[in-house]
Amino acid sequence: MRIWVNGALRDAGDARLSVLDHGLTVGDGIFETVRTSEGRPFALTRHLDRLTRSAQGLGLPDPDHDEVRHAVGAVIDANPVALGRLRITYTGGLSPLGSDRGENGTSLVVALDGVSRRPDSTAVITVPWTRNERGALAGMKTTSYAENVVALARARAAGASEALFANTADRLCEGTGSNVFVVLGGRIHTPPVASGCLAGITRALTVEWTGAEETDLPMDVLAEADEVFLTSTLRDVQAVHRVDGRESAPGIGPVTAKAMRIFAERSGDDLDP
């Protein structure tokens, strides 16, 4: 693997940041995960726009989109894979110990590895921890990800691939790395960004392309919904066949199946929607 680190490609064994990088010491950083297919990134412009919004939310300098695009192209060329997970990480850079930032500039890392296509359906669990929809990091894709690590480990132990959170008002919010949609009476609903969920790229495209509604939803809607599905960069649209041990009807529901078809067709037609 060849990784871009602060201006140059490095072999994986030589791709290093300082142990005093603020992204490591206090989680002062942001990131984006971009799907690549046969060397082509999907929705890169949207990802870079969100990277900038997250940087502004943390008070980091705006990332240079031309620099990031150059790094992305170099990494893709250096690591040919059929289906890939490309990660762009942007941090507060070399800083003193503690929460104060240094004055040495930011760090940029871009890496890519191959992945397998996800199954068409999956199982999820709900977890007792909440998202803080009023927190300083609400809606931002930051490197402060330990909460998701803990929740996802619980999901894996339960034979699931994702854990779903409520927010502090006990309303449905999001997964550790996905957005959640439910089908009620043939209509698709997803929690609004005001719930504290990430403004997912795949979420936004799914809303645009399927006519899904942003709706404030209680957590118990998961037990009442006709269908449930997830969206994310690597999942695209993925059906959910089990929530907390409750199996849905066999197969993929008709509304979810249609959403999957629409997303596959539209994303195949336009790589940078």
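From a predicted model like this one, the values you see are computed outputs, not experimental measurements.

1. Some remarks on the layout of surface pockets
Each pocket or cavity is described by its volume, and for the second largest pocket that value is around 260 Å³. Asp226, Glu227, Val240, Ser248 and Ala249 are the residues nearest the centre of the second largest pocket, which is lined by 20 residues in total. Going through the elements one at a time, strand E13 (227–232), strand E14 (236–243) and helix H7 (254–269) are the ones with two or more residues in the lining of the second largest pocket. The leading source of residues in the lining of the second largest pocket is E14, at five residues. When the residues that make up the lining of the second largest pocket are grouped by side-chain class, the tally is 10 nonpolar, six polar and four charged.

2. Side note on the packing of aromatic side chains
What characterises a pair of aromatic rings is the spacing of the ring centres plus the angle enclosed by the ring planes. If you walk through the whole model with that rule in mind, you get four aromatic pairs. Each ring, one from Phe31 and one from Tyr145, has its centre 5.2 Å from the other, and the planes form 85°; the classification is edge-to-face. Of the two residues, Phe31 sits in strand E3 (residues 29–37) while Tyr145 sits in the loop between strand E7 (121–131) and helix H4 (146–157), which places them 114 residues apart along the sequence. Accessibility expressed as a relative area gives 4% for Phe31, which makes it buried. An angle of 70° between the planes, with centres 6.2 Å apart, marks the rings of Phe42 and Phe263 as edge-to-face. Here Phe42, found in the loop between strand E4 (40–41) and helix H2 (44–58), pairs with Phe263, found in helix H7; they are 221 residues apart in sequence, far enough to count as distant. For the residue pair Phe42 and Phe263, the accessibility class agrees, reading buried in each case. Across from the ring centre of Phe31, 3.9 Å away, lies the NZ or CZ of Arg87, which sits over that ring.

3. Description of a nonpolar patch on the surface
Judged by side-chain polarity, Val19, Leu20, Leu24, Leu94 and Leu97 come together as a nonpolar surface patch covering roughly 510 Å² of accessible area. Note on placement: Val19 falls in the loop between strand E2 (8–11) and helix H1 (22–25). You can call Val19 exposed: its relative accessible area is 63%.

4. Brief notes about the sheet that holds strand E5 (residues 83–91)
Sheet strands line up and pair through hydrogen bonds in the backbone, either parallel or antiparallel. On the basis of which strands lie adjacent, the open sheet formed by six strands has the order E2-E1-E6-E5-E3-E4 and antiparallel pairing. In the strand order of this sheet, the two ends are held by E2 and E4, each with one partner. Alignment of strand E1 (residues 2–5) against E2, held across four bridges, turns out to be antiparallel. Note that in E2 the partner of Trp4 across the bridge is Leu9. Its contacts with the sheet place H2 against E3, E4 and E5, and it is angled at close to 175° to E3. Relative to the sheet, helix H3 (residues 65–78) contacts E1, E2, E3, E4, E5 and strand E6 (107–114), its axis offset from that of E6 by approximately 30°.

5. Remarks on the side chain of Thr206
Considering the arrangement of structural elements, one finds Thr206 in helix H5 (residues 201–210). We classify Thr206 as buried; its relative accessible area is 1%. Ignoring sequence-local partners within four residues, the contact set of Thr206 consists of Phe181, Gly211, Phe229, Thr231, Val237 and Phe263.

6. Remarks on the pattern of salt bridges
Per the counting criterion, the structure on display carries 15 salt bridges. Salt-bridge contacts for Arg35 lead to Asp236; the nearest nitrogen and oxygen are separated by 3.4 Å. With Arg35 in strand E3 and Asp236 in strand E14, this pair connects stretches of sequence that are 201 residues apart. In this structure Arg35 comes out as buried when scored by relative accessible area, which is 12%. Residues joined by salt bridges that share partners form a network here, namely Arg117, Arg118 and Asp120.

7. What about the state of the cysteines?
What the rule picks out here adds up to zero disulfides. Cys173 takes part in no disulfide bond, and the closest cysteine sulfur to it belongs to Cys197, at a distance of 5.4 Å. A relative accessible area of 1% means that Cys173 is categorised as buried. Taking the relative accessible area as the measure of exposure, Cys197 reaches 1% and is therefore buried.

8. Quick notes on the packing of H2 against H5
A pair of packed helices is captured by two measures, namely the crossing angle of their axes and the spacing between those axes. Interaxial distance between H2 and H5 falls to 10 Å at its minimum, and their mutual angle equals 125°. With respect to H5, the element H2 is oriented oblique. Pair H2 / H5 crosses with right-handed handedness. Here Arg46, His47 and Arg50 of H2 lie close against H5, whose contacting residues are Ile201, Ala204, Leu205 and Glu208. Each residue belonging to the contact of H2 with H5 can be placed in one class, and the counts come to three nonpolar, one polar and three charged.

Analysis parameters
- Residues numbered from 1 in each chain as written.
- Predicted model: local features only at pLDDT ≥ 70, side-chain atom pairs only at ≥ 80, totals over all residues.
- Heavy atoms only, no water.
- 1 Å grid on protein atoms, 1.4 Å probe; cavity = no way out; pocket = protein on both sides within 12 Å on 5 of 7 lines; lining within 4 Å.
- Points joined across faces, edges and corners; volume = space filled by probe spheres on them.
- Helix = DSSP H or I, 4+ residues; strand = E, 2+ residues; numbered from the N terminus.
- Nonpolar A, V, L, I, M, F, W, Y, C, P; charged D, E, K, R; others polar.
- Phe/Tyr/Trp six-rings, centres within 6.5 Å; stacked < 30°, edge-to-face > 60°.
- Buried < 20%, exposed > 50% of the residue type's maximum accessible area, 1.4 Å probe, protein only.
- Lys NZ or Arg CZ within 6 Å of the ring centre and 35° of its normal.
- Patch = residues over 30% accessible without salt bridge, like charges linked within 9 Å, V, L, I, M, F, W, Y side chains within 5 Å.
- Areas by Shrake-Rupley, 256 points an atom, 1.4 Å probe, with all protein chains shown as cover.
- Salt bridge = Lys/Arg side-chain N within 4 Å of Asp/Glu carboxyl O.
- Pairing = 2+ DSSP bridges.
- Contact = heavy atoms within 4.5 Å.
- Axes fitted to C-alpha atoms, helices over the stretch in contact; angles between N-to-C directions.
- Disulfide = S-S within 2.5 Å.
- Parallel < 35°, antiparallel > 145°, perpendicular 65-115°, else oblique.
- Left-handed = near helix turned anticlockwise from the far one by under 90°.

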